[in-house]
Structure formats: structure tokens, C-alpha cells
Amino acid sequence: MSKIDQRGRLEKEPFTYLLTKNGSILISYQGKQVVMLKGKDAEQLSAKLTAAKADTRQLPILLAKATGNFKRGNEKNGKRNKN
């Protein structure tokens, strides 16, 4: 087992992406857009995604790396705490 995704969270494929006409890439996590890449970043990721289409395990890893660390643990708190 590789050190990436040891807990198996990417097996459920939580990430999806959409290539737009103007060359940008929209990346969604569980149906919600989290990142929009433009320009050089989008071109590089697009090349990696087309190269990795044959390997289904590589796509979610590339998308997870492109989103970075967007989750901080406070997503469940929809409202601010009233103290």
C-alpha cells in the first residue's frame, strides 16, 4: 500500500472536475466547487489529467493535490457560535 490515501478516502471518488471552454478547471468536492484553476496551473493539471485517464487511481490523487488543504475541520459548523 502506498503512503498516499492510506485510509482509502479517495476510493469513493469525492472529487470531480469540469474543463471549461476558456481553459479553466473547476474542481468540486462532494458536489460543491472548492477550486477554480486558470492559466498555467490549469494547463499543467489538464496535461496530467489526460495522461492519467487510463489509471483510475491516479485521477483522485491529482485532484486532491490540486485542491490543497481546503478542509480545516470546521465545515460542520454552519453558524457561528453565539457566546
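Look above for the structure.
Residues numbered from 1 in each chain as written. Predicted model: local features only at pLDDT ≥ 70, side-chain atom pairs only at ≥ 80, totals over all residues. Heavy atoms only, no water.

Explain the pairing of strand β2 (residues 25-29) to me, please; I cannot follow it from the model alone.
In the case of a regular strand, side chains alternate between the two sheet surfaces. The element β2 is largely enclosed, with a buried count of five among its five residues. Side chains of β2 alternate between two faces, with I25, I27 and Y29 and L26 and S28 buried alike. The pairing of strand β1 (residues 15-19) with β2 spans five bridges and is antiparallel. Among the inter-strand pairings, F15 is bridged to a residue of β2, identified as Y29. The turn linking β1 back onto β2 is made up of five residues, and G23 within it adopts a positive phi angle of 95°. (Buried < 20%, exposed > 50% of the residue type's maximum accessible area, 1.4 Å probe, protein only. Helix = DSSP H or I, 4+ residues; strand = E, 2+ residues; numbered from the N terminus. Pairing = 2+ DSSP bridges.)

Explain the packing of helix α1 (residues 39-51) against helix α2 (residues 58-67) to me, please; I cannot follow it from the model alone.
Geometry of a packed helix pair, given as the angle between the helix axes and the separation of the axes. Between α1 and α2, the least distance of the axes is 10 Å, while the angle of their chain directions is 165°. The angle between the axes of α1 and α2 places the two elements in the roughly antiparallel class. Seen from above, α1 lies across α2 with right-handed handedness. Judged by residue contacts, L45, K48 and L49 of α1 engage L59, L62, L63 and A66 from α2. Looking at side-chain class alone, the contact of α1 with α2 contains six nonpolar, no polar and one charged residues. (Axes fitted to C-alpha atoms, helices over the stretch in contact; angles between N-to-C directions. Parallel < 35°, antiparallel > 145°, perpendicular 65-115°, else oblique. Left-handed = near helix turned anticlockwise from the far one by under 90°. Contact = heavy atoms within 4.5 Å. Nonpolar A, V, L, I, M, F, W, Y, C, P; charged D, E, K, R; others polar.)

It is not clear to me how the packing of aromatic side chains should be interpreted in this structure. Could you clarify?
What describes a pair of aromatic rings is the distance from one ring centre to the other and the angle between the planes of the rings. Evaluated as defined, the whole model comprises one aromatic pair. Ring plane angle 55° and centroid distance 5.1 Å describe the contact between F15 and Y29, whose orientation is recorded as tilted. Here F15, found in strand β1, pairs with Y29, found in strand β2; they are 14 residues apart in sequence, far enough to count as distant. Since its relative accessible area comes to 11%, F15 is described here as buried. (Phe/Tyr/Trp six-rings, centres within 6.5 Å; stacked < 30°, edge-to-face > 60°.)

What should I look at first to understand α2 in this one?
All of the buried residues along α2 are L59, P60, I61, L62, L63 and T67. Against the buried residues of α2 lie β1, β2, β3 (32-37) and α1. In the segment just after α2, G68 is the residue with positive phi, at about 75°.

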